[in-house]
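Commentary on secondary and tertiary structure
Letter by letter, the chains look like this.
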Amino acid sequence: MSPDASHSVPQSRPMLAIGLKVGSVVAFMGMATAIKYAGQVPAGQIVFFRSVFAIVPICAYLLFVGELAGAWRTSHPVGHVMRGMVGVTSMALGFYGLTRLPLPDATAIGYARPLVTVMLGALLLGEVVRRYRWGAVIVGLFGVLIISWPKLQLFRGEGGFGGDEALGVIATFLSACIAGLAMVLVRRLLVTERTATIVLYFSVTASVFALLTIPFGWEALNMTQTISLILSGFCGGFGQIMLTESYRHGEVSTIAPFEYTSVLLSIVIGYFVFAEVPGWAMIVGSAIVTASGIFIIYRERQIGLLRKGVARRSVTPQG
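Figured I'd write up the structure that's included with this text. Owing to the predicted nature of the structure, the values given are computational and were not obtained by experimental measurement.

Helix and strand counts for the protein stand at 14 helices and zero strands. In the protein, the order of α-helices and β-strands from amino to carboxyl end is α-α-α-α-α-α-α-α-α-α-α-α-α-α. When burial is assessed residue by residue, the protein has 50% of its 319 residues classed as buried. Taking as baseline every contact in the protein between residues at least 6 positions apart, the subset at least 24 positions apart corresponds to 88%.

Take a look at the structure:
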C-alpha cells in the first residue's frame, strides 16, 4: 500500500521502515499459512473470514492514531466498490490457488502482480514504460512460466488442466493479474482518498461481497478450520498496518525489495509445516521473478531521481 498522501514523512528512519516491512511479510505469510492449514474451504468463505476479522486490528489502529472517524469520509464511494469487487475476485482466486499449490509455488507465482501492474499502468494510466522495464516484465513472466510448467502438465497424460495443481496455477496467475488491476484502481483513488479510507473500505466491501457467495456453497467448519481462518484475518489486518506504517518511515525503493523475503520464508514454512520440498523449477523461476521485480524497483527509483533532478534544475536560478 502506498503511503497516505496526507502524511508527510518527518524523518527518514530506514531501519524502522525495513523492520516494519519484514514484519508485514511475516504477518502476511502467517495469513497464507493459516489459510492453507484450514484446507480446501470455499474461496468466498475464506475471503469473508480474512476480510471481516481484519477489520478489528485495522479499526483499533486507526482509533489509536486518531484517524478512524476521518477514514469513513469519502468522495468516491463507487470507486471503493469497484476496487472491492476487483480485490475480492483476486483474493478468491489467490486463496483457491493457495489451497491447491505448495506454499512456495503459490508465493512465487503471486509475484507476477508487480509485473502486471507495470503493463496495466502503461495501458490504462498512460505511464511511460521504457524498454528496460518492458524487458524485465517479459523476463519475469518467463520465470512464472518456469514455475508453472511442471504443474500444468501440458504434454503429459497425468491430469492436464483438470488436475488440482494445474487449476491452482491458473487461479494464482489470474489472481496476480487482477491484483495488478486493483493496484491501478488504488492509484486512482489515492489522488483524492486517504490510505486509511482505502484500507477500511476495502475490508468492509470485501466482507459484504464475500457474503454473496453463500448460495454457491459454504461448508460447516470444524474448530481447527474456524480458528485458522479467524487467525488469517487478524494476521492480514496486522500485516496491512505494518505495511502502511513502513511507508511512513522510508522510501518505497528502500522498502519494496524486502517483499521478496517471503520466498525464503515460504520455503521454510512449506518444508516444516506442510512437508513441501521445492523443485528445481520453483527455485529457478523464483530467482528470475525476484530479480525482475527488484530490477523494476531499481529502474523506478532511478527514473524518480532523474525527475527530481530535472525539477530542481528547472527551479534553480541560473547564474
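The subject of this paragraph is the packing of helix α8 (residues 131–152) against helix α9 (residues 164–189). Angle between the axes and distance between the axes: these two values describe a pair of packed helices. Interhelical geometry of α8 versus α9 gives an angle of 155° and a closest axis separation of 8 Å. By the angle between their directions, the pair α8 and α9 is classed as roughly antiparallel. Read as a crossing pair, α8 and α9 show a hand that is left-handed. For the pair α8 and α9, contact is made by Leu141, Val144, Ser148, Lys151 and Leu152 and by Glu165, Ala166, Val169, Ile170 and Phe173, respectively. For the contact of α8 with α9, the residue count by class is seven nonpolar, one polar and two charged.

Further remarks concern the packing of aromatic side chains. This model, assessed by the stated rule, comprises seven aromatic pairs. Taking 4.7 Å as the distance between ring centres and 50° as the angle between the ring planes, the aromatic pair formed by Tyr111 and Tyr260 counts as tilted. Placement of the pair is Tyr111 in the loop between α6 (103–109) and α7 (112–124) and Tyr260 in the loop between α12 (252–255) and α13 (261–274), with a sequence separation of 149 residues. Judged on exposure class, the residue Tyr111 and its partner Tyr260 are both buried.

Tracing the backbone shows Thr254 in helix α12. Taking the C-alpha atoms as reference points, Thr254 and Ile18, separated by 236 residues in sequence, lie 7.7 Å from one another. If near-sequence neighbours (up to four positions away) are discounted, Thr254 is found in contact with Pro14 and Ile18.

Moving on: the nonpolar core. Membership of the largest hydrophobic core comes to 41 residues, with the highest contact counts inside it found for Val47 and Phe95. Listed in part, the 11 residues of the second largest apolar core include Cys59, Tyr61, Leu62 and Val199.

Here the focus is a nonpolar patch on the surface. Taken together, the side chains of Tyr37, Val268, Tyr271, Phe272, Val273 and Val277 define a hydrophobic patch exposed on the protein surface, amounting to about 690 Å² of accessible area. When residues of the nonpolar patch are assigned to their parent elements, the largest contribution, four residues, is made by α13. Of note, Val277 is situated in the loop between α13 and α14 (280–315). Residue Val277 is classed as exposed on the basis of its relative accessible area, which comes to 65%.

Thresholds, definitions, all that
- Residues numbered from 1 in each chain as written.
- Predicted model: local features only at pLDDT ≥ 70, side-chain atom pairs only at ≥ 80, totals over all residues.
- Heavy atoms only, no water.
- Helix = DSSP H or I, 4+ residues; strand = E, 2+ residues; numbered from the N terminus.
- Buried < 20%, exposed > 50% of the residue type's maximum accessible area, 1.4 Å probe, protein only.
- Contact = heavy atoms within 4.5 Å.
- Axes fitted to C-alpha atoms, helices over the stretch in contact; angles between N-to-C directions.
- Parallel < 35°, antiparallel > 145°, perpendicular 65-115°, else oblique.
- Left-handed = near helix turned anticlockwise from the far one by under 90°.
- Nonpolar A, V, L, I, M, F, W, Y, C, P; charged D, E, K, R; others polar.
- Phe/Tyr/Trp six-rings, centres within 6.5 Å; stacked < 30°, edge-to-face > 60°.
- Core = buried A, V, L, I, M, F, W, Y, C linked by side-chain atoms within 4.5 Å.
- Patch = residues over 30% accessible without salt bridge, like charges linked within 9 Å, V, L, I, M, F, W, Y side chains within 5 Å.
- Areas by Shrake-Rupley, 256 points an atom, 1.4 Å probe, with all protein chains shown as cover.
- Salt bridge = Lys/Arg side-chain N within 4 Å of Asp/Glu carboxyl O.

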